[in-house]
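# A look at the structure
Read off the chains here:
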Amino acid sequence: MTADPFLEFEDEAPARPVWLMTLADLSLLLVGFFVFLQANQQIGPRDLAAALRAGFTDKPHAMPVELALVGGFAPGSSEFQPSPAALEWAREAARDPRTRLRIAGEVDGSPEDVDALTGSGAILAADRARAVAAWLVRSGAATPGRIAISTGVDQRRVVLTSGYDGGRQ
């Protein structure tokens, strides 16, 4: 009769008891709780709540998740051909009330791609972004309160990005 090979070796005892990890977690939670209590006494509950809220809600921009492009701008012009694909993309992106649309107008940086009255590329980029934003609002794809406009230098285009902006209270 052959012996079972699994019975020949005994299980090794764990180096530490299993409950030790739970005790370590509990200890860290208690330390955190006492730090929270101490901070609450130092600055007051309203100030502490405001600081915690600011740490989680004050962010410069929504994190971009998706993007669409509107192109076809002539040098020095903010007129464009409406893009049905960009319009549909904006409608879908704005469907979730927690998202924000960032519309970034861009110029290519050449001397020809500037605003005719001021000679400014930034003003032309802002005009391009404003034109696309107005088109989206007129089309019912987005509301003005959920649109942020910015400018940049790269190409003659407008970049639409959708980002999670969180639930504001």
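Each chain has its residues counted from 1, running along the sequence as written. In view of the model being predicted, local features appear only for residues whose pLDDT reaches at least 70, and side-chain atom pairs are presented and counted only at 80 or more, with totals across whole chains, interfaces and linings using the full set of residues. Note that the side-chain values use all heavy atoms of the structure and ignore hydrogens as well as water.

### Regarding the packing of aromatic side chains
Centres within 6.5 Å make a pair out of two Phe, Tyr or Trp rings, where for Trp the six-membered ring is used; the pair is then stacked when the planes are under 30 degrees apart, edge-to-face when over 60, and tilted otherwise. Tallying each qualifying case throughout the model produces three aromatic pairs. Ring geometry for F80 against W135: centres 5.6 Å apart, planes inclined by 75 degrees, an arrangement best described as edge-to-face. You can see F80 sitting in the loop between strand 1 (63–70) and helix 3 (84–93) and its partner W135 sitting in helix 4 (residues 121–138), a full 55 residues away along the chain. Relative accessibility decides the category of a residue: with a 1.4 Å probe and only protein chains considered, values under 20% of the type maximum give buried, values over 50% give exposed, and everything between is partly exposed. Note on F80: relative accessible area 16%, which makes it buried. Among the aromatic residues, those joined into a cluster by ring pairs are F73, F80 and W135. Under the DSSP-based scheme used, a helix requires at least four consecutive residues in state H or I and a strand at least two consecutive residues in state E, with every element numbered from the N terminus.

### Some words on the pattern of salt bridges
What counts as a salt bridge is simple: a side-chain nitrogen of Lys or Arg found within 4 Å of a carboxyl oxygen of Asp or Glu. Tallying each qualifying case throughout the model produces six salt bridges. When the shortest N-O distance is used, the salt bridge between D113 and R128 registers 2.6 Å. Linking D113 in the loop between strand 2 (99–107) and helix 4 with R128 in helix 4, this pair joins segments that are 15 residues apart in sequence. Relative accessible area serves as the criterion here: at 1%, D113 is assigned to the buried category. Between D154 and R157 there is a salt bridge; the shortest N-O distance is 2.9 Å. A residue is classified by how much of its surface remains accessible, and D154, at 43% relative accessible area, is partly exposed.

### Some remarks on helix 4
Expected span of a helix: the number of residues minus one, times 1.5 Å. Helix length check: helix 4, at 18 residues, gives a terminal C-alpha distance of 26 Å against a target of 26 Å (1.5 Å per residue), a fit within 8%. Between the side-chain oxygen at the start of helix 4 and the backbone nitrogen of A122 there is a gap of 3.3 Å, and the oxygen is on S120. The first or second residue beyond helix 4 is G140, which carries a positive phi of 80 degrees. Between N or O atoms, a polar contact is any pair within 3.5 Å; within protein, one atom must be a potential hydrogen donor and the other a potential acceptor, and residues adjacent in sequence are included only when both atoms are from side chains.

### Thoughts on the environment of L124
Looking at where L124 falls in the secondary structure, it is placed in helix 4. Along the primary structure L124 and E106 are separated by 18 residues, whereas in three dimensions their C-alpha atoms are 8.0 Å apart. In what follows, residue pairs with any heavy atoms lying within 4.5 Å of each other are defined as contacts. Leave out the neighbours within four places in its chain, and L124 touches G76, S77, S78, V107, D113, V114 and D115.

### Details of the nonpolar core
By nonpolar core we mean a set of buried residues, namely Ala, Val, Leu, Ile, Met, Phe, Trp, Tyr and Cys, connected to one another through side-chain atoms within 4.5 Å. Ranked by size, the top nonpolar core spans 23 residues in total, and within it V70, L101, I103, V132, L136 and L160 carry the most contacts. If you list the elements that add at least two residues to this core, you get strand 1, helix 3, strand 2, helix 4 and strand 4 (157–164). With six residues, helix 4 is the single largest residue contributor to this core. When neighbours within four sequence positions are excluded, V132 is seen to be in contact with V70, F73, F80, I103, V158 and L160.

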